[in-house]
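Residue-level structure breakdown
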Amino acid sequence: MRKPNVVRIYKHSDGTLVTKGLEKVAYMLRDKTQFEQYGITTNLMNDLKALIDSFSNRLTDVEALGDQTNVTANKDAKAEELRTAIRDVMARVVLVFPFGTPKYKKFGTDTLSQQSDSELLLTAKRVVRVGTEFLPDLSENGLTAAMLTAITTLSEEFADLIVDMHIEIGNRDIEQEDRVEAGNTIYTILVKYTNTGQSIWETSDVAKFNDYVLYNTISGEAEEETPKAS
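In short, a report on the structure. Worth saying up front: this structure is predicted, and the values here are computed from it rather than measured.

**Notes on the overall build of the protein**
Helix and strand counts for the protein stand at nine helices and zero strands. By the compact-globule yardstick of 17 Å for 230 residues, the protein is too spread out, its C-alpha radius of gyration being 31 Å. With the C-alpha coordinates aligned to their principal axes, the bounding extent of the protein is approximately 95 × 35 × 30 Å. Counting only residues that meet the buried cut, the protein has 37% of its 230 residues in that class. Taking the contacts inside the protein whose residues are at least 6 apart along the sequence as the reference set, 72% of them involve residues at least 24 apart. Summed over all atoms, the accessible surface of the protein reaches about 13,000 Å², with 54% contributed by carbon and sulfur. Counting 26 positive and 36 negative side-chain charges, the protein places the averaged centre of each group 3 Å from the other.

In structure tokens, the structure reads:
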């Protein structure tokens, strides 16, 4: 069965989750004597703090997107190198086989600038194959085997960069999902523990009761009622 999409269950930012989480843990450690009466020990509080610390050290989506963007830019630059090399060959081909003739069209470069990555790879291989076939006819106008070999090398490098780009896209998707799951785990524990804190101080200390109120907006400034555990 396919795993369902992971959805964030808290409304505020990850940064607010970290700062609010650490704040609540500090209050809990202050009130550890009361919390221990509910089975929430110092070890459990420290475990929550460790989860929050680990979460704060995770790769952010901004960083993951930066890695993906960098690899994509490298891929696009290599694609342009490959197109330039192909155009260099075709500038010689057209001197022997005029544009539109069957032999010219056999190279398949008419839509070079609009081709997708996969189409460009196929075109590069075809240009090398057909160029090798017609090399005796084209060598007089400057086409060399080395030029065709250079296209092969560029196409291999381009293919590697395409793979790298897809790996980075996959890594970013995985990291996003893992980050949401980790944040949801922290938030779920926080709700449970802060509900307990509110129960402890509800009838005896308004200030301490308020210490355990969670803020669920993006800004962290507007207060929403914390859901009570059933």
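**Digging into helix H1 (residues 14–30)**
Taking 1.5 Å of rise per residue, 17 residues should cover 24 Å, and H1 covers 24 Å from first to last C-alpha, within 8% of that figure. Turning to H1, its buried residues are Asp14, Thr16, Leu17, Val18, Lys20, Gly21, Lys24, Val25 and Met28. Packed against the buried residues of H1 are helix H2 (32–36), helix H3 (42–56), helix H8 (145–201) and helix H9 (206–211).

**Points about the packing of aromatic side chains**
Using the criterion set out here, one finds six aromatic pairs in the structure. With centroids separated by 5.8 Å and ring planes inclined at 35 degrees, the aromatic side chains of Tyr10 and Tyr187 adopt a geometry described as tilted. You can see Tyr10 sitting in the segment before H1 and its partner Tyr187 sitting in helix H8, a full 177 residues away along the chain. Residue classification places Tyr10 among the buried residues on the basis of a relative accessible area of 4%. Directly above the ring of Phe55 sits Arg179, whose terminal nitrogen or CZ lies 4.5 Å from the centroid.

Criteria and cut-off values
Residues numbered from 1 in each chain as written. Predicted model: local features only at pLDDT ≥ 70, side-chain atom pairs only at ≥ 80, totals over all residues. Heavy atoms only, no water. Helix = DSSP H or I, 4+ residues; strand = E, 2+ residues; numbered from the N terminus. Rg over C-alpha atoms; globule rule 2.2 N^0.38 Å. Buried < 20%, exposed > 50% of the residue type's maximum accessible area, 1.4 Å probe, protein only. Contact = heavy atoms within 4.5 Å. Areas by Shrake-Rupley, 256 points an atom, 1.4 Å probe, with all protein chains shown as cover. Lys, Arg positive; Asp, Glu negative; His and termini not counted. Charge placed at Lys NZ, Arg CZ, Asp CG, Glu CD. Expected span 1.5 Å × (residues − 1). Phe/Tyr/Trp six-rings, centres within 6.5 Å; stacked < 30°, edge-to-face > 60°. Lys NZ or Arg CZ within 6 Å of the ring centre and 35° of its normal.

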